[in-house]
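# Breakdown of the fold
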Amino acid sequence: MIRRAGRVGGSGRAVVLFLAALLPLLAGAGQAQAAGYRYWSFWDLDGDRWTYATQGPSVARPADGDVQGFRFAVSEESDDSSQPRGAADFAGICAKTPAKDGSKRVALVIDFGTAEDAPSGETPPANRTACARVAPDASTAEALASVAEPLRYDNSALLCAIAGYPERGCGEQVSGTGTESGTGAPAPGKETEGGSEETVSPDSSDSSASGESGDDGGPSLGLFAGVAVVALLGAAAFRQVRRRG
């Protein structure tokens with residue numbers, strides 16, 4: 001009897017076709033789980049580089065000559081948040097605002113983000129800079145309010161809107177495609193009512209309260225398990241083909 005190597009029977013072909021169809025679905029499932037938060041992040045200028053602020057704007061007390069920034073964007077974690085763009089120089093921003101006794105000047109960079117990060121139906125305003133002249137003990141929130149009203153906060157003191165943008169929403173979770181997931185989960189870097197900075201990310205314990213799985217946008221355990229199953233089925237199919245070859 002002559003055996004023909006590599007010939008696949010009907011059942012073997014069915015298994016191979018099933019595996020070929022399953023792999024793209026598993027890969028797509030892992031990608032679809034990537035998510036982030038749409039929110040205003042708060043930054044301090046340290047020398048010539050932006051650093052993520054360690055306090056919320058209602059708590060931070062900038063000194064005269066400080067430069068602070070705000071950026072609206074969709075980010076997965078506070079450490080990958082988009083930084084403010086554009087000029088960030090105190091002398092340039094506050095050139096037309098002279099110093100005055102009994103006050104301080106704080107340069108603010110306000111970046112309304114890109115159209116891709118904007119909520120559905122809204123267009124981000126043009127970016128702006130402003131020099132706020134406020135009382136010596138004023139907070140960043142007070143400085144911001146003096147140059148970019150109206151501001152909007154939620155009941156947990158999270159900054160939701162600057163100069164009225166966006167008109168709705170506040171730190172909502174969005175899918176990897178930029179669409180709102182409707183979970184109402186808090187954004188990374190949320191400032192609590194007590195005034196301390198609470199770092200909240202998609203893999204924090206708060207995600208369980210909103211009914212989310214708490215993944216951080218990377219491959220899920222289910223994806224790894226699915227790939228393992230595909231590998232085992234593939235090996236079984238191969239052995240079956242070899243026996244029938």
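Below, the structure is looked at part by part.

Take the overall build of the protein next. Scanning the protein for helices and strands turns up 5 helices and 10 strands. Here the protein holds 245 residues, and 40% of them are scored as buried. For the protein, the share of sequence-separated contacts (at least 6 apart) that also reach a separation of at least 24 residues comes to 64%. For the protein, the computed accessible surface area is about 13,100 Å², with 53% contributed by carbon and sulfur atoms.

As used here, a disulfide is simply a covalent bond connecting the sulfur atoms of two cysteines. Per the counting criterion, the structure on display carries 2 disulfides. Cys 94 shares a disulfide with Cys 131; S-S distance 2.1 Å. The sign of the S-S torsion, about 100 degrees, decides the handedness of the disulfide formed by Cys 94 and Cys 131: right-handed. Placement of the pair is Cys 94 in the loop between helix H2 (90-93) and strand E4 (104-111) and Cys 131 in strand E5 (residues 128-134), with a sequence separation of 37 residues. Residue Cys 160 pairs covalently with Cys 170 via a disulfide, S to S 1.9 Å. The sign of the S-S torsion, about -70 degrees, decides the handedness of the disulfide formed by Cys 160 and Cys 170: left-handed. Taken together, the residues Cys 160 in strand E7 (residues 159-161) and Cys 170 in the loop between E7 and strand E8 (173-175) connect sequence positions 10 residues apart. Indicated for the protein is the disulfide connectivity 1-2, 3-4, based on numbering the bonded cysteines in sequence order.

Another aspect to go through is the nonpolar core. Formed by 20 residues in total, the largest nonpolar core has its most connected members in Trp 40, Phe 70, Leu 108, Ile 110, Leu 144 and Ile 162. Of all the secondary-structure elements, those providing two or more residues to this core are strand E1 (35-46), strand E3 (67-75), E4, E5 and helix H3 (140-147). Broken down by element, this core gets its largest block of residues, 3 residues, from E4. Of all hydrophobic cores here, the second largest spans 9 residues; its members include Trp 50, Val 67, Cys 94 and Ala 107.

A few words on the pattern of salt bridges. Under the defined criterion, the tally for this structure stands at 4 salt bridges. Among the ionic pairs, Arg 38 bridges to Glu 172, the shortest N-O distance being 2.9 Å. Of the two residues, Arg 38 sits in strand E1 while Glu 172 sits in the loop between E7 and E8, which places them 134 residues apart along the sequence. Its relative accessible area of 2% is what places Arg 38 among the buried residues. The class for Glu 172 is buried, based on a relative accessible area of 8%. A salt bridge links Glu 122 to Arg 168, with the nearest nitrogen and oxygen atoms 3.2 Å apart. One end of the pair, Glu 122, is in the loop between E4 and E5; the other, Arg 168, is in the loop between E7 and E8, and 46 residues separate them in sequence. One salt-bridge network, in which partners are shared between bridges, spans Arg 71, Arg 85 and Asp 111.

Rules behind the numbers
- Residues numbered from 1 in each chain as written.
- Predicted model: local features only at pLDDT ≥ 70, side-chain atom pairs only at ≥ 80, totals over all residues.
- Heavy atoms only, no water.
- Helix = DSSP H or I, 4+ residues; strand = E, 2+ residues; numbered from the N terminus.
- Buried < 20%, exposed > 50% of the residue type's maximum accessible area, 1.4 Å probe, protein only.
- Contact = heavy atoms within 4.5 Å.
- Areas by Shrake-Rupley, 256 points an atom, 1.4 Å probe, with all protein chains shown as cover.
- Disulfide = S-S within 2.5 Å.
- Core = buried A, V, L, I, M, F, W, Y, C linked by side-chain atoms within 4.5 Å.
- Salt bridge = Lys/Arg side-chain N within 4 Å of Asp/Glu carboxyl O.

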